[in-house]
Amino acid sequence: MHRTARGGLAIATTIALLLSAAGCGDDGGSGTGGGSVPGVTDTEIVVGTHMPLTGPASAGYSKIAPATKAYFDHVNANGGVHGRKITYKVMDDGYNPANTQQVVRQLVLQDKVFAILNGLGTPTHSGVLDFLKSNRVPDLFVASGSRSWDQPDKYPSTFGFNPDYTVEGKILANHVKTALPGQKVCFLGQDDDFGRDSLAGVEKVLGAGGVAVKQTYVTSNTNVAPQIGAFKAAGCQVVVLATVPGFTALSIGTAARLGFKPQWVVSNVGADHPTLAKQLGEAAPLLEGMIGANYLPMQNATTDPWIQLFTKINKEFNGDAPFDGNTVYGMAVGYLFVQVLLAAGKDLTRESVVEAVRKGGYQGPGLAPLRFSATDHSGYGGQRLNRVSGGVQSYFGPTYETDEGDGAVREFTAQPAPPPANGVPTAP
Amino acid sequence: MDRFVFLTLDGLSRGAVYAAFALALVLIWRAARVVNFAQGAMAVAAAYVAYSVSAATGSYWLGFLAALAAGLLLGAVVDRVVMRHVDHASPLNPVIVALGLVLLIQAVLGMVYGSEFRPAPAPFSRSALTVGGLALLSPYDLFVFATVGVVVGALAWVFARTAVGLRMRAAAFAPEVSRLLGVNVGGMLTLGWALASSVGALAAMLVIPTELGLHPHAMDLVFVSAFTAAVVGGLDSPPGAVVGGLVVGLLLSYVSGYAGSDLTPLAVLVLLLAVLLVRPGGLFATVAARRV
Amino acid sequence: MSATRAVVPPRARSTAESPRRAPTPRGGTLLRHLAVVLVAGLLLLGLSYAVEPFRNFQLATVAAYLCATAGLTVLTGLNGQLSLGHGALMATGAYTLALTQNAFADAGLTGGWLLPVSLAGALLVTLAVGAVVGVAAARLRGPYLAGVTLAVAVVVPALAVTFDGVLNGEQGLSVPVEPPPLALGAYFPYERWQLWIAAGTTLLVLLLLANLVRSRYGRTFRAVRDDEVAARLAGIHVARTQVLAFVVSAGTAGLGGALLAVLAQSVSPGAFSLTLSLFLLMAVVIGGLGRLAGAVWGAVLLVALPDLSHALTELLALSPAAAQRLEGNLPLAIFGITLVVVMIAAPGGVQGLLTRLGRALLARRSRRRS
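Residues numbered from 1 in each chain as written. Chains lettered and ligands numbered in written order. Predicted model: local features only at pLDDT ≥ 70, side-chain atom pairs only at ≥ 80, totals over all residues.

As annotated in an unreviewed UniProt entry, chain C carries the name Branched-chain amino acid ABC transporter permease and comes from Micromonospora endolithica. You can read under Subcellular location (unreviewed entry) in the UniProt record for chain C the words "Cell membrane". (UniProt positions renumbered as here; feature names shortened; annotations may be inferred.)

In the nomenclature of an unreviewed UniProt entry, chain A is known as ABC transporter substrate-binding protein of Micromonospora endolithica. Note on chain A: under the UniProt heading Sequence similarities (unreviewed entry), the record states "Belongs to the leucine-binding protein family."

S.K.: Would you explain the overall build of chain A in this entry?
M.R.: Each helix and strand in chain A was counted, giving 13 helices and 13 strands. By principal-axis analysis of the C-alpha atoms, chain A measures approximately 70 × 65 × 40 Å. Here chain A holds 428 residues, and the buried ones make up 62% of them. The contacts in chain A between residues at least 6 apart in sequence include a share of 69% that link residues at least 24 apart. (Helix = DSSP H or I, 4+ residues; strand = E, 2+ residues; numbered from the N terminus. Buried ≥ 20, exposed ≤ 12 C-beta atoms within 10 Å, placed from the backbone. Contact = placed C-beta atoms within 7 Å.)

S.K.: When you look at the interface of chain C and chain B in this model, what are you seeing that I'm missing?
M.R.: By convention, interface size is frequently given as the accessible area that disappears when the constituent parts associate. Tallying the contact residues gives 46 residues for chain C and 45 residues for chain B. Per-element tally for the side of chain C that touches chain B: the top contributor is helix α6 (residues 142–162) of chain C, with 14 residues. A class-by-class count of the residues in the side of chain C that touches chain B yields 36 nonpolar, 7 polar and 3 charged. (Nonpolar A, V, L, I, M, F, W, Y, C, P; charged D, E, K, R; others polar.)

S.K.: For this particular structure, what's the right way to read the interface of chain A and chain B?
M.R.: Contact residues are listed per partner, giving 30 residues for chain A and 33 residues for chain B. Mapped onto the side of chain A that touches chain B, the elements with two or more residues apiece are β7 (213–217), α8 (225–234), α9 (245–257) and α10 (273–280) of chain A.

S.K.: When you look at the domain arrangement of chain A in this model, what are you seeing that I'm missing?
M.R.: Residues and elements named next belong to chain A. The assigned domain composition of chain A is domain 1 (44–163 + 299–380) and domain 2 (167–294). Centre-to-centre separation of domain 1 and domain 2, based on C-alpha positions: 28 Å. With 10 residues of domain 1 at the interface, the matching set in domain 2 holds 9 residues. Of the residues in the side of domain 1 that touches domain 2, the class split is 2 nonpolar, 6 polar and 2 charged. (Domains from an automatic or database assignment.)

S.K.: What am I meant to see in the UniProt feature "domain: Leucine-binding protein" (unreviewed entry) in chain A here?
M.R.: Mapped onto this numbering, the UniProt entry gives "domain: Leucine-binding protein" (unreviewed entry) at residues 45–382 of chain A. Overall, residues 45–382 of chain A shows 42% helix and 15% strand. The separation of its end C-alpha atoms is 31 Å.

S.K.: Hey, could you run me through the pairing of strand β12 (residues 392–401) of chain A in this one?
M.R.: Across a regular strand the side chains alternate sides, sitting on one face of the sheet and then on the other. Residues and elements named next belong to chain A. Pairing of strand β11 (residues 382–389) with β12 involves 7 bridges; the strand directions are antiparallel. The residue bridging Arg-387 from the neighbouring strand is Ser-394, located in β12. Hairpin remark: β11 followed by β12, antiparallel, with 2 residues in the connecting loop; positive phi at Gly-390, about 60 degrees. Two elements, β12 and strand β13 (residues 410–412), share 3 bridges in a ladder whose sense is antiparallel. Its bridge partner lying in β13, Thr-399 is registered against Phe-412. (Pairing = 2+ DSSP bridges.)

S.K.: I would appreciate a short explanation of α8(A) in the present structure.
M.R.: Because each turn of an α-helix spans 3.6 residues, side chains separated by three or four positions end up pointing in the same direction. Counting buried residues along α8(A), 7 of its 10 residues qualify, which places the element largely inside the surrounding structure. Those residues of α8(A) lying buried are Ala225(A), Pro226(A), Gln227(A), Ile228(A), Gly229(A), Phe231(A) and Lys232(A). Where α8(A) is buried, its residues touch β6 (185–190), β7, β8 (238–242) and α9 of chain A together with α1 (2–32) and α10 (238–258) of chain B.

S.K.: What is the right way to look at the nonpolar core in this model?
M.R.: Membership of the largest hydrophobic core comes to 367 residues, with the highest contact counts inside it found for Ala20(B), Ala46(B) and Ala47(B). When residues of this core are sorted by domain, at least three fall in each of domain 1 (44–163 + 299–380) and domain 2 (167–294) of chain A. (Core = buried A, V, L, I, M, F, W, Y, C linked by C-beta atoms within 7 Å.)

S.K.: What should I look at first to understand the environment of Lys359(A) in this one?
M.R.: Inspection of the secondary structure puts Lys359(A) in helix α13 (residues 350–359). Taking the C-alpha atoms as reference, Lys359(A) lies 9.7 Å from Val340(A); in sequence the two are 19 residues apart.

S.K.: I'm lost on the packing of helix α9 (residues 220–233) of chain B against α10(B) in this one. Help?
M.R.: A pair of packed helices can be characterised by two numbers: the angle between their axes and the separation between those axes. Residues and elements named next belong to chain B. The N-to-C vectors of α9 and α10 enclose an angle of 125 degrees; their axes lie 7 Å apart at closest approach. Classified by the interaxial angle, the pair formed by α9 and α10 is oblique. Relative to α10, the crossing made by α9 is right-handed. Side by side, α9 and α10 meet where Ser-225, Ala-226, Thr-228, Ala-229, Ala-230, Val-232 and Gly-233 of the first sit next to Gly-240, Ala-241, Val-243, Gly-244, Gly-245, Val-247 and Val-248 of the second. (Axes fitted to C-alpha atoms, helices over the stretch in contact; angles between N-to-C directions. Parallel < 35°, antiparallel > 145°, perpendicular 65-115°, else oblique. Left-handed = near helix turned anticlockwise from the far one by under 90°.)

S.K.: What is the right way to look at the sheet that holds strand β3 (residues 115–117) of chain A in this model?
M.R.: Sheets are built from strands that pair by backbone hydrogen bonding, the pairs being arranged parallel or antiparallel. Residues and elements named next belong to chain A. Taken in spatial order, the 5 strands line up as β2-β1-β3-β4-β5 in an open sheet, and their pairing is parallel. At either margin of the open sheet sits one strand with a lone partner, and together these are β2 (85–92) and β5 (158–160). The average undirected angle you get between the axes of adjacent strands in this sheet is 20 degrees. Of the strand pairs in this sheet, strand β1 (residues 44–51) and β2 are connected by 8 bridges, and their pairing is parallel. Bridge assignment links Met-51 to a residue of β2, and that residue is Asp-92. Running over the sheet, helix α2 (residues 64–77) touches β1 and β2 and is turned about 165 degrees from β2.

S.K.: Could you clarify how one ought to interpret the pairing of β2(A) in this entry?
M.R.: Most of β2(A) sits out of view: 6 of its 8 residues are buried. At this point the chain moves from β1(A), through α2(A), to the parallel β2(A), and the crossover so formed is right-handed. (Right-handed = clockwise from strand over helix to strand, strands pointing away.)

S.K.: I keep staring at helix α12 (residues 325–344) of chain A and nothing clicks. Help me out?
M.R.: Residue and element names in this part refer to chain A. Compared with an ideal rise of 1.5 Å per residue, which puts 20 residues at 28 Å, α12 spans 29 Å between its outermost C-alpha atoms and is within 8% of the ideal. Summarising burial for α12: 18 of the 20 residues are buried, a large majority. One or two positions beyond α12, positive phi appears at Gly-345, with a value near 90 degrees. (Expected span 1.5 Å × (residues − 1).)

Structure (structure tokens):
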């Protein structure tokens, strides 16, 4: 056979193959298309997400989606939402933006999901914003503290969940300013929008000259000794970390072996004590005194009714997986989504669910207020500080709220309400 | 000056580990003419065995020995079960098979152990000993240097002085002649894989406690650095691997200390080009590097 | 054995070099290539209407990867140079396209001619980058070339962080692309339009590459691959030939990256990691090194295999505990095993296997006839 002809044959075969694959896809994929709203039938709501389940970034994060799914299973066991059961399709993107493109299109175009919920990661999710917008897919509660999700004019159906990194930086710096005055403050941040936005928040409170030494790290270089060495040489007393958990543990471990013991003040992203303690192993006592921040109940607060609820759901529907901050996070996302579905009413459409989020007024396990309104698409607007003491991470002081601009850091006094008895929110 | 000393020592202690890992790459290259891209994943697998054994027995050293044994076994298995059956006519084929093994091993580790970081304890203190206010090496760093030194010495002795080493070299360089002379060429090849894989496991045991922790991808970045080191030194040369490892370790430390950690990949590329454009076979290339 | 050359297994080489039945005039070759490309184009056009949007997008992604794998096939399969850095070259093209498209958008320019200009820009820039890397590569062989290209693969995404003022760090840039022209109708599916752009560009690239392969240059490429000394004795300038192959290959990779940026409407360094470079290499070897048809299979596998193994995993009903362990990992394990098994069972790749099958069928038929 001639080579060119063979090449043509290969192309033709490929096309035939894909065509048949497409045929199969049609049979399987269109099963949900009963009504006019994608992903919604009288008995089912299909939502999807993209998460790193594999790869270097999957540690910790891979537990979020299963927790959300477990919460949905709990709701489904209690009759679902307006008689509809929630199906949660979790796609692995390995934290690779190219994969996110594929899996989100698969969810939206092929699986015909109703909405994308809690897609994780700034670089990954940024890439699908335009696609979701042009397909009018509700893009709810993105799992990242980037400020990109709060652009109501440009992306009217995208909403955040996490407090943004600037809000967090301001609250952390406010603590440094009031509780540790006159100390030499230094900053280590990830070399991306996480580190930059966080530093911006810190400097809004401490002033441009308030941070003595600023260092950055990249995730592709796991040696932070040069940065920590610079802090030590400069005599830093307080080090603010805008780091992912792995690099929090690495920084604290590296400082210990250099004989450097500053007060650590750590972003919520990298301050989950069980995660850090597990990674440090025998060196976990180094975490003693570390100050962190959070906006959801502490996973170890066994008297907290929310934690009791989530622990029970974790036992029943999540194979009793290890319970940590990621589990709480995943279930809190699930709870908020169910609240929003209830608020959207029985005639569920993509417009009605976006409208329901814009209306705001949601209260769940979170300590800080959810800021959703017609003009604000960012998630939680505050945090409460916590400290590791005696190997236990617990909250102290009031909850603070602030904005990403020049607004003051204020106390937020409203107390979180206990969960409903069966753990399923009721329609407003 | 303090900072320079600090960065130098820090770079040397990481460089020693890169050297050990590069040495493992050189061993397989010399024995089988394969760049073993699966070296990192295999070493992590051995480190997980150490983790399980240590967790079960409570002894770091039993785990350490288990890792070395697992490395030997894994190397032999990879050679006998997989690499032996690969058509080596094109050097690309084993590379692709190795990449397939990387995916497979990492996926299996992810299934068995999950994707969480596991703590990797160091057997000695990692706190630097201070002399006159200057933080010098830690006991662990000394352990790393000593271990790498022993491995380099032992390998040199095996290849230069023992009958088995001589047979391995013969089998690698002239398989046909060796076979005629009664050398078990296949066996020597398997032994080469096992030895190299064990050295890789040792390097993983040394480096993982200084990194983020035990994770299926824990050696990905180390592999890149060590491969660079082996190429800089020359893949045919064990002393080259050691020198290459130390050079890369120092370079990474100086660049992230003085210029910023985001510039380290660029520095590595510049180093590679600078060395290879002058010596296309690496620093320690023999004259016959360009056999045709 | 020396690894300085002979990247292609002898079996594949012998089929590639097998004597043609009759010397064909060059005009005939061009016409035949044109005809194949036209038929493929028409088939794809029909297909773009027959399948749903997601399949259109997947096909468009195949086309974008095919640009890169075809270029890599020319470099590695025909010229014998190994590259672990083609992901970086794709990134170069993608970022160039993103920057030009953003510049056009900022200047308020609109029109259908913008995208071709940006694609051409991406091509030119990667050609230049390819020339620089190619000059260095021409001095190096085997693992040393692998080392340098591997470093390139790591450096280029890192530059996005170093120059985050322009390239916006890890988050990357969004790529404004014009909607389909109104002449196609107001409800023309965007994914179909994307397939047209990607497939049109790629078919053009394939046409040019197929002719290059059959030209005098293609013959010098192969001569250098098979025996550098003999090639030099035959009056071929080895280094120049290798640089030329690298430049061509880089250009197509850059175009492929630019197409990916068009499809994703965004670029970020994470999408062009070392993993991508390694996957491209796996794709061309599994597809069948040494022929452009192999590059087609490789590109298809890159898109279809993760999808298929994911679908396979979904079929298994698992308890939550087991699902958490297997999810994501099982598809990777299947992918890994497939690579190993294919390389052992069919070292010529998919295309080599097909050729063998085809020949076996032919042989049986002729035996029956005789």
